[in-house]
Structure formats: C-alpha cells, structure tokens
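# Inside the fold
For reference, the chains in residue letters:
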Amino acid sequence: MRDLGAGFGYLVKGQRWAAGHGRSLGVGLLPGLITLVMYVGALVGLAYGADDFVDWATPFADGWSSPWLGLFRGFLAALVFVLGLFLAVISFTAVTLLVGQPFYEKLSGDVDRAESGGEAPESGLPLWRELWISARDSLRILVRVALYGILLFGLGFVPVIGQSVIPAIGFCVTGFFLAEELTAVALQRRGMELRPRLALLRSRRLMVLGFGVPLALAFVVPLVAVFLMPGAVAGATLMVRDLLGESADSDSDSGDDGDGDGDGVGEANGSGRVVGAGQGSVRIPESP
C-alpha cells in the first residue's frame, strides 16, 4: 500500500514541477492540443456511427420486437463507444508522445538535470532513430492493449462482474500501460528497450498503478489530459529515478551511503540485473 501512495505522490510532484517551470509547461502543452483535436473528431465520428455499426453487425436481431431490439442494440452501441474510449485513453498518450517526442525528451532531461545537479542520461541516438524506436514500441504496446481491450469487452457481458469488477480491471490495465508510455521517455534516454522496461515496472507494480490509474481516470476527459501531460512526463521521470535508485529518497530508503560510480546513473535498490550499455546502462531490481 505504501507503493500505491508513492506512485500517486510522483504524479502530484510532476504536476508541481511542471507548474513551477512555465516555459516547459507551455511547450509541453502543444503536442497534446494537436492530438486532442484529432481524437475529438474521431470520438465524435464514433458516437454518430456506433448505431449504424451495431445495426450492421446484428442482422439477426432485425425481427425482434420493441423494446428488446432498442435495448439490445443501444447496449451494444454503448459498449462499442466505451471500447473506443478505452483505446483512445491509451493511444492518446502514445500518439501525443510520438508527436511531441523532442519536446518531452527535453522536458524529461530538464527534470533529470534539476534532480541530479546538472547531469542527464542521453541515448546518443539521432532524432529519427529515437522516433522510430518510440513508434515501434508504442505500436507493440497498443497491440497488447487492444488484446486486453477485446478480452475485457467480452467479459463485460458477464452478469454482475461485467458491470463492477471488469471496469476496475480495465482501469488498472489502462493505468499500467499509461505509466509505461510515460516512463519510456526517460528510460529510452537510458538505453532501455521495451522488454526490460516492462520488467522494471512489474518489479514495483503497485507504485506504477498508484501513478497510472489516477492518471487514466483523469485522462477520460481529453481536455484534462492535455493539461496534465507535461506534469505526467515530469512525474514519470521522477518515478523512474526512484525505480532505478537514482533519487535521493530511494537512496536513503535503501541505506545507501551516497557512494556511486559517478556516471550519473544510479544502481537500483538491492540485487538485480543490468541492461543497456555505456551511459544508458541500468540495473533492474528483482521482484520480491
């Protein structure tokens, strides 16, 4: 439970950091505004087209009497829109990060420099390569999310749990992958690929959920998502520093005396395995 509170704390700290750095906040808002316009148009189209899609997909119900036909198709149309909204919440972050990659890279680096006294890990890759890696990993995440979404969509028809447990699980899944997309900005600068990133986040799953689930709930409102994105990137960077043992709080919790190797990338608490190379190498703590 302590990790849940810590994750939420990093979300709050990130918003405070962005609010205290007006220039970074202003630049960080631009990608979200561009993406918002696209997604609002897509969701409006889905809202108007969901009924026609359901009518086309359920020809067997054409002969049903009223009110069962209207109730059945209305329920399915609502589920289609909810599924679209679920995918929009996840993909909004991925698309916004892709559109705003240079802006968010700089914002995340500014957070690292502010926290470490001027040092910030850099991938050393050209911008086109970073964009390619970001797009590729985002697509992989979206495929996973789509599979989870289809599964949860089907389970939504199960009486009782479909209207209670399944939505809660859905927000947990959404929150986890939102956190993955946001922490990827800082972790990619440290040379960490998708698989090790997921292993790192799973090692502190409750902290990740404490950060991601409240954000997922807030991101249901697209306009809110735009204004929270810069702070979310900042908070995710702060959380990454904790996960990798680079933050002062994490060092004190682990009893570290402050001695390091001087390369600007700290070791994680306890034993673990190293991934990456050179300046981007990091140590992933083993799950307890």
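Keep in mind that this is a model prediction, so the values were computed, not measured.

The rules we used
- Along each chain, numbering runs from 1 in the same order as the chain's sequence is written.
- The model is predicted, so local features are restricted to residues of pLDDT at least 70 and side-chain atom pairs to those at 80 or more, both for listing and for counting; the totals for chains, interfaces and linings are taken over all residues.
- The basis for every side-chain value is the complete set of non-hydrogen atoms in the structure, without hydrogens or water.
- Where helices and strands are cited, they refer to DSSP runs of H or I of at least four residues and of E of at least two residues respectively, numbered from the N terminus.
- Burial classification: accessible surface area is computed with a 1.4 Å probe over protein chains only, and a residue below 20% of its type maximum counts as buried, one above 50% as exposed, and the rest as partly exposed.
- Should any heavy atoms of two residues lie within 4.5 Å, those residues are counted as being in contact.
- Residue exposure ignores everything except the shown protein chains as possible cover, and the areas themselves are Shrake-Rupley values with a 1.4 Å probe.
- Residues belong to one nonpolar core when they are buried, are Ala, Val, Leu, Ile, Met, Phe, Trp, Tyr or Cys, and are joined through side-chain atoms within 4.5 Å.
- Only residues whose relative accessible area exceeds 30% and that take part in no salt bridge are eligible for patches, with like-charged residues grouped when within 9 Å of each other and nonpolar side chains (Val, Leu, Ile, Met, Phe, Trp, Tyr) grouped when within 5 Å.
- Should a side-chain nitrogen of Lys or Arg be within 4 Å of a carboxyl oxygen of Asp or Glu, the pair is scored as a salt bridge.
- Neither His nor the chain ends contribute to the count of charged residues, in which Lys and Arg are positive and Asp and Glu negative.
- Each charge is placed at NZ for Lys, CZ for Arg, CG for Asp and CD for Glu.
- Only C-alpha atoms enter the line fits that serve as axes; for helices the fit covers just the stretch in contact. Angles between N-to-C directions range over 0 to 180 degrees.
- With respect to orientation, any angle under 35 degrees is reported as roughly parallel, any angle over 145 as roughly antiparallel, any angle of 65 to 115 as roughly perpendicular, and every other angle as oblique.
- Two helices cross in a left-handed way if the nearer one is turned anticlockwise from the farther one by less than a right angle. They cross in a right-handed way if the turn is clockwise.
- What a helix should span is 1.5 Å times the count of its residues minus one.
- The angle between axes fitted to the seven-residue stretch ending at a residue and the seven-residue stretch beginning at it gives the bend at that residue.
- Polar contact is defined as a pair of N or O atoms within 3.5 Å, subject to the rule that within protein one atom must be able to donate a hydrogen and the other to accept it, and that residues adjacent in sequence are counted only when both atoms are side-chain atoms.
- Think of it this way: a Phe, Tyr or Trp ring, Trp meaning its six-membered ring, pairs with another when their centres are within 6.5 Å, and the plane angle makes it stacked under 30 degrees, edge-to-face over 60, tilted otherwise.
- pLDDT measures how confident the predictor is about each residue, on a scale from 0 to 100.
- Lys, Arg, Asp and Glu make up the charged group, whereas Ala, Val, Leu, Ile, Met, Phe, Trp, Tyr, Cys and Pro make up the nonpolar group; the residues left over, Gly among them, are polar.

## Some details on the overall build of the chain
Each helix and strand in the chain was counted, giving 10 helices and two strands. Taken over 288 residues, the chain has a buried fraction of 44%. Within the chain, contacts between residues separated by at least 24 positions form 73% of all contacts whose residues are at least 6 apart in sequence. Roughly 14000 Å² of accessible area belongs to the chain as shown, and the carbon and sulfur atoms make up 67% of that amount.

## Description of the nonpolar core
Leu182, Phe211, Met229 and Val233 are the most contacted members of the largest nonpolar core, which has 53 residues in total. Considering every element that reaches this core, the biggest residue donor is helix H9 (residues 222–243), with 11 residues. Non-local contacts of phenylalanine 211, meaning those with residues more than four positions away in its chain, are made with Gly7, Phe8, Tyr10, Leu11, Ala179, Leu182, Ala232, Gly235, Ala236 and Met239. Counting six residues, the second largest nonpolar core, distinct from the first, contains Ala50, Val54, Leu79 and Val80.

## Digging into a positive patch on the surface
Together, Arg144, Arg195, Arg202 and Arg205 give the surface a local cluster of positive charge. Residue arginine 144 is classed as partly exposed on the basis of its relative accessible area, which comes to 33%.

## Details of the packing of helix H6 (residues 165–189) against helix H7 (residues 194–203)
Where H6 meets H7, the closest approach of the two axes is 10 Å, and the angle between their N-to-C directions is 120°. Between H6 and H7, the crossing angle belongs to the class labelled oblique. As H6 packs across H7, the resulting crossing turns out to be right-handed. Here Phe176, Glu180, Thr183, Ala184, Leu187 and Gln188 of H6 lie close against H7, whose contacting residues are Leu194, Arg197, Leu198, Leu200, Leu201 and Arg202.

## Re the pattern of salt bridges
A full pass over the atoms with the stated rule returns 13 salt bridges. One salt bridge in this structure joins arginine 73 and aspartate 55, with 3.5 Å as the shortest N-O distance. Note that arginine 73 is positioned in helix H3 (residues 68–99) and aspartate 55 in helix H2 (residues 22–57), a separation of 18 residues in sequence. Its relative accessible area of 36% is what places aspartate 55 among the partly exposed residues. Of the charged contacts in the structure, one is a salt bridge between aspartate 137 and arginine 140, with a shortest N-O distance of 3.8 Å.

## Regarding H2
Look at H2: 49 Å from first C-alpha to last across 36 residues, which is about the 52 Å you get at 1.5 Å a residue. Considering bend angle alone, the principal kink of H2 is centred on glycine 49 and spans about 45°. Every buried residue of H2 is listed here: Ser24, Gly28, Leu29, Pro31, Gly32, Thr35, Leu36, Tyr39, Leu43, Ala50 and Val54.

## Section: the environment of glycine 156
Along the chain, glycine 156 turns up in the loop between helix H5 (127–155) and H6. What glycine 156 contacts, discounting residues up to four positions off in sequence, is Gly162, Gln163 and Ile166.

## Some thoughts on the side chain of serine 203
Positionally, serine 203 belongs in helix H7. A relative accessible area of 8% places serine 203 in the buried class. A polar side-chain atom of serine 203 sits 2.5 Å from the main-chain carbonyl oxygen of leucine 200.

## A look at the packing of aromatic side chains
Under the criterion given, the structure shown has six aromatic pairs. Ring centres of phenylalanine 60 and tryptophan 64 lie 6.2 Å apart, and the angle between their planes is 65°; this geometry places the pair in the edge-to-face category. On the basis of relative accessibility, which here comes to 54%, the residue phenylalanine 60 falls in the exposed class. Assessed through its relative accessible area of 37%, tryptophan 64 is described here as partly exposed. Site record: aromatic cluster; members linked through ring pairs are Phe60, Trp64 and Phe72.

## Some words on the confidence of the model for the chain
Here the chain averages 78 in pLDDT, and 83% of its residues register 70 or above. Looking over the chain, one finds the lowest element-wise mean pLDDT in strand E1 (residues 272–275), namely 44, and the highest in helix H8 (residues 205–219), namely 91. The model gives residues 249–288 a pLDDT under 50, and that stretch makes 73 contacts with residues more than four places away or in other chains.

## Overview of the packing of helix H1 (residues 2–19) against H8
At a closest axis distance of 6 Å, the pairing of H1 and H8 adopts a crossing angle of 50°. Here H8 runs oblique to H1, going by the angle between their axes. Considering only the axes of H1 and H8, their crossing is right-handed. Residue-level inspection shows Asp3, Leu4, Ala6, Gly7, Phe8, Tyr10 and Leu11 of H1 in contact with H8, the latter providing Leu206, Met207, Leu209, Gly210, Phe211, Pro214 and Leu215. Here the contact of H1 with H8 is composed, by residue class, of 11 nonpolar, two polar and one charged.

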